Structure formats: C-alpha cells, structure tokens
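# Topology and contacts: notes
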Amino acid sequence: RASSSESRGALIVLEGLDRSGKTSQSSRLLSYLAGLGHSTELWRFPDRSTSVGQMISAYLSNKSHLDDRTIHLLFSANRWEKRSLMETQLKNGTTLVVDRYSYSGVAFSSAKGLDIEWCKAPEVGLLAPDIVLYLDIPPEKAAERGGYGGERYEQLEFQKKVAKCYQALCDSSWKVIDACQPIEDIEKQLQDAVLDHVMACERGRPLSYLWP
Ligand code: FDM
C-alpha cells in the first residue's frame, strides 16, 4: 500500500437534549451497522461503571452535591479514563456508536453559566468524532414526552438553556436531524448519514483530536 493510512472503525456520536431519542436511536444504529457486517459497540457517557462514573451518578441522582467546576472535570475525567480503550477499539476496526460525548460536557456545564472556553479546555486531546448526529427537539416537546426521571438536569427551564448552548457548539460538521419525525424516518436519516463516514474510516481516514 502506498500510504501509511490504516483502516479503522468510525467514532459516531449522538447528542441531544434529554428525551430526544438518542438512546433508542443509538441501539437502532448499532443493529443496522452490525447487520451490514461491521464490528460495532454501543458506548455511552457518562460511563457509570467506573469509580468516577459512580461519583457522577450519585451527583445526577442528587445523592451528592458538587461544585459546578468539580463535576465538570469529573465528566471529562470519565472520558479520559476511556480514551485509550476507545483508540484501541477504533484501531481494531470497531465502530463506536457513542450516546453523548464532550458536547454534552460543554453544553450542560456552560448552561450553568460557566465560560465555554473553560469548559472546552479539559476535552482537548480526546479523540474527535467522525460525525456528530444531533437529534434536534424543542425543549417543550421533549418535556411533553414525559419520563423525565427526576435526575438533576431533567427540568424544562434548564433544558432550554442547554439547547442554546448546543446551538453555540453546532458547526457545519454536525448532522442535525429533526427529532420530532417518526422514529423510522429518523432511523433512516441516521443510517444515511453514517455510511460514508464508516467507509472513509475503513479506507484509512486518520484519527483527529478535539477540538478540530
Ligand atoms: N451530562 C452528560 C453532563 O452534564 N456532562 C457530560 O459530560 C455528559 C456526558 O448528564 F443530563 C449530563 C447530561 C444528562 C446527564 O446523561 C446524564 P444520561 O444520558 O441521561 O445518562
């Protein structure tokens, strides 16, 4: 082969407000890619299985209280502790479908009033996604879907702020999908959006790093 480019899996990130449908669409996307014969894994952040993740989980369920910057850095640490495994899996050729990533980290913390650049800083050097799929839903519609489970951030007024912060992060590399459409339509649009990226990574698109 002429170049040093190595085949790898794609890093696919789904973002959106609570109740935007990320979690069910992530698993549908995983089944689709697996059905095409791709090696794939479903990941999510926060990863509550680690000791950092348990601190985050206690915070989200209001069992503990932490300073805004402290919890921000724990969310970031939770991604850093998974970074090397993430790189290994991608280089092994496994595509990762990730439910929330650094964009949630920045959007939710800056929605509390923290400076956006301060929020972005600890994410620098993490692997950059090949594509960000944003499931776009008006906060009021998301709230109507019900099932806010009572976790710390699951409140309409706060979700409205988060939506504005996501808008500030969104650039032309994001694929914004109207999350109010029927589930199957969303599913199809996500499938169409990822395929080119999965192929490009197979052909050896180099890994890149936050913030590109
Ligand atoms: N969240 C998630 C953050 O505030 N920062 C982060 O870095 C991440 C990954 O945690 F309200 C918030 C977003 C959400 C909450 O997410 C838990 P799940 O998807 O409901 O587990």
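What you are looking at is a predicted structure, and each value in this text was computed from that prediction instead of being measured.

## Side note on the side chain of Asp99
- If you trace the backbone, Asp99 turns up in strand E3 (residues 95-99).
- Take Asp99: its relative accessible area is 3%, and that puts it in the buried class.
- Once residues within four sequence positions are removed from consideration, Asp99 is found in contact with Leu14, Lys22, Thr23, Ser26, Trp43, Arg44 and Phe45.

## Remarks on the UniProt feature "domain: Thymidylate kinase-like" (unreviewed entry) in the protein
- Sequence positions flagged by UniProt for "domain: Thymidylate kinase-like" (unreviewed entry) are, in local numbering, residues 14-189.
- Along residues 14-189 the backbone is 51% helical and 14% strand, and the end-to-end C-alpha distance reaches 13 Å.

## Notes on the confidence of the model for the protein
- On average, the protein scores 96 in pLDDT, and the residues at 70 or more come to 98%.
- Scored as a whole, the predicted complex attains pTM 0.97, and scored at its interfaces, ipTM 0.99.

## Side note on the sheet that holds strand E5 (residues 174-178)
- Taking strand neighbours across the sheet as the criterion, the five strands line up as E2-E3-E1-E4-E5 in an open arrangement whose pairing is parallel. Two strands close off the open sheet at either side, each with one partner strand: strand E2 (40-44) and E5. With strand direction ignored, the average angle separating the axes of adjacent strands in the sheet is 20°.
- Relative to strand E4 (residues 131-136), strand E1 (residues 11-16) runs parallel, the two sharing five bridges. Among the inter-strand pairings, Leu14 is bridged to a residue of E4, identified as Leu133.
- Of the strands in this sheet, E1, E3, E4 and E5 touch helix H8 (residues 183-202), which is tilted by about 170° from E4.

## A word on the layout of surface pockets
- In this structure, the largest pocket spans a volume of roughly 660 Å³.
- If you go around the largest pocket, you meet 36 residues; those closest to its centre are Leu17, Asp18, Arg19, Lys22 and Arg100.
- Every element with two or more residues in the lining of the largest pocket is listed here: helix H1 (22-35), helix H3 (68-91), helix H4 (102-110) and H8.
- Here the residues of the lining of the largest pocket are counted per class, giving 12 nonpolar, 12 polar and 12 charged.
- Taken together, 15 residues form the lining of the second largest pocket, with Tyr103, Asp171, Ser173, Trp174 and Pro212 sitting closest to its centre.

## Looking at unusual backbone geometry
- Here the residue pair Phe45 and Pro46 is connected by a cis peptide bond, since its omega of 0° sits within 30 degrees of zero.
- Its place among the elements puts Pro46 in the loop between E2 and helix H2 (51-60).
- Here the amide bond leading from Leu210 into Trp211 is cis, since omega sits at -10°, within 30 degrees of zero.
- One non-glycine residue, Arg19, lies in the positive phi region at around 70°.
- Tracing the backbone through its elements, the reader meets Arg19 in the loop between E1 and H1.
- When its relative accessible area of 39% is taken as the criterion, Arg19 is described as partly exposed.
- The phi angle at Arg100 is positive, at roughly 75°, despite the residue not being glycine.
- Looking at where Arg100 falls in the secondary structure, it is placed in the loop between E3 and H4.
- Assessed through its relative accessible area of 11%, Arg100 is described here as buried.

## Some remarks on the site of the ligand
- Around the ligand, the surrounding shell holds 13 residues, and the nearest of these are Arg48, Phe75, Arg79, Arg100 and Gly105.
- A distance of 3.1 Å separates an oxygen atom of the ligand from a polar side-chain atom of Arg48.
- In the environment of the ligand, an oxygen atom lies 3.3 Å from a nitrogen or oxygen atom belonging to the backbone of Gly105.
- In isolation the ligand offers 480 Å² of accessible surface; the protein chains occlude 94% of this area.
- Under a 2 Å grid-point criterion requiring more than half of the atoms, the pocket assigned to the ligand is the largest pocket.
- Contributing elements (two or more residues each) for the shell around the ligand: H3 and H4.
- Partitioned by chemical class, the residues of the shell around the ligand number six nonpolar, two polar and five charged.

Cut-offs and rules
- Note on numbering: residues in each chain are counted from 1, in written sequence order.
- Reporting of local features is limited, given that this is a predicted model, to residues whose pLDDT is at least 70; pairs of side-chain atoms are given and counted only at 80 or more, and all residues count toward the totals for whole chains, interfaces and linings.
- The side-chain numbers reported here are obtained from all heavy atoms of the structure, hydrogens and water having been left aside.
- A run of H or I in DSSP becomes a helix once it reaches four residues, and a run of E becomes a strand once it reaches two; helices and strands are each numbered from the N terminus.
- Exposure is judged per residue with a 1.4 Å probe applied to protein chains only, and the accessible area is read against the type maximum: over 50% gives exposed, under 20% gives buried, and values in between give partly exposed.
- It only takes one pair of heavy atoms within 4.5 Å for two residues to be counted as in contact.
- UniProt positions are given in the numbering used here, feature names are shortened, and annotations may be inferred rather than shown by experiment.
- Per-residue confidence from the predictor is reported as pLDDT, which spans 0 to 100.
- By definition, two strands form a pair when at least two bridges between them are found by DSSP.
- Only the contacting stretch of a helix is used when fitting its axis, a line to C-alpha atoms as for every element, and angles between N-to-C directions run 0 to 180 degrees.
- Cavity: a set of points on a 1 Å grid over the protein atoms alone where a 1.4 Å probe fits but cannot get out. Pocket: an open set with protein on both sides within 12 Å along at least five of seven lines, its lining residues, like those of a cavity, having an atom within 4 Å of a point.
- Grid points are joined across faces, edges and corners, and a volume is the space filled by probe spheres set on the points.
- Classes in brief: Ala, Val, Leu, Ile, Met, Phe, Trp, Tyr, Cys and Pro nonpolar; Asp, Glu, Lys and Arg charged; the others, Gly included, polar.
- If a single non-hydrogen atom of a residue is within 4 Å of a molecule or strand, that residue counts as near it.
- For this analysis, a polar contact is any N or O atom pair within 3.5 Å, provided that within protein one partner can donate a hydrogen and the other can accept it, and provided that sequence-adjacent residues contribute only side-chain to side-chain pairs.
- Only the protein chains shown count as cover for residues, and the accessible areas themselves come from Shrake-Rupley with a 1.4 Å probe.
- To decide whether a molecule occupies a pocket or cavity, check its atoms: if more than half lie within 2 Å of the grid points, it is inside.

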